[in-house]
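These are the residues of each chain, in order.
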Amino acid sequence: MFKYDAAVSGEYSGDKSYMIVVDKPENTETALQELSDICNVYKRTDVINVQTYNTAMYIFLATAVLFIAFIIVGFFIFLKNNISNRTNELALYRALGYKTKHIFYIIFTEHIILALISIFIGIIFAFLLGNLLINPYIHSLLGNTIMEMTVKITIGEISTVILMIILLLFIVCKTAVKRSEKTDLTVLLRER
């Protein structure tokens, strides 16, 4: 990939330039000739060290994957502990005649409502922080340079988070209901 700066006003003054990325090395000379008819063009090679850039991207992606994995594991442990503390309550529901699917729906509905509320609040905070704080800061740092960076939330990302939370909730709630089936109800009644 070759990059070229084209000075707008004849000679390169350093204050304003445009970078053109050529798709194939074979198109380099053609792009140079076409641009030289419009403005003064000069070739600037090795603007970005590709090896350093790739290494930084690998480190960033590994860190992001590790961060997401820690969030998922932490959420799973939190849910499991939260529902495990309610094993006696679930066994009491069973003693009152609730079936397994009803107990599952009770627990699942409670936690999915809380999860959706927290996702909604998180989306609002991310949108506000992104547009009012982070994006202006990134723009002040980078300006109109080689690449434009912004923080934004897409529907795909929101859908992925919601699906992951539903899957984790399903697994944890199923496990909790199965555990409540093993609780001896006579022991539970003696503790009360």
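Just above, that's the structure.
Cut-offs and rules
- Residues numbered from 1 in each chain as written.
- Predicted model: local features only at pLDDT ≥ 70, side-chain atom pairs only at ≥ 80, totals over all residues.
- Heavy atoms only, no water.
- Helix = DSSP H or I, 4+ residues; strand = E, 2+ residues; numbered from the N terminus.
- Buried < 20%, exposed > 50% of the residue type's maximum accessible area, 1.4 Å probe, protein only.
- Areas by Shrake-Rupley, 256 points an atom, 1.4 Å probe, with all protein chains shown as cover.
- Phe/Tyr/Trp six-rings, centres within 6.5 Å; stacked < 30°, edge-to-face > 60°.
- Lys NZ or Arg CZ within 6 Å of the ring centre and 35° of its normal.

(A) Representation of the overall build of the chain within the structure. Check the secondary structure of the chain and you find 6 helices and 3 strands. Tracing the chain from N to C terminus, the helices and strands come up as β-β-α-β-α-α-α-α-α. A buried classification covers 21% of the 192 residues belonging to the chain. Accessible surface computed for the chain: about 14,200 Å², of which carbon and sulfur atoms make up 66%.

(B) A look at the packing of aromatic side chains. Going through the model one piece at a time under the given rule, you end up with 4 aromatic pairs. Centre to centre, the rings of Phe104 and Phe170 are 5.4 Å apart; their planes meet at 80°, and the pair counts as edge-to-face. Here Phe104 is found in helix H4 (residues 100-142), whereas its partner Phe170 is found in helix H5 (residues 155-181), with 66 residues between them in sequence. Exposure remark for Phe104: the relative accessible area of 8% places this residue in the buried category. Counting every residue linked through ring pairs, the aromatic cluster contains Phe104, Tyr105, Phe108 and Phe170. One cation-aromatic arrangement involves Lys174 over Phe104; the distance from NZ or CZ to the ring centre is 5.0 Å.

(C) Expanded view of the environment of Ala91. Relative to the helices and strands, Ala91 resides in helix H3 (residues 87-95). Given a relative accessible area of 0%, Ala91 falls into the buried group. Placed 12 residues apart in sequence, Ala91 and Ile103 show a C-alpha to C-alpha distance of 9.4 Å.

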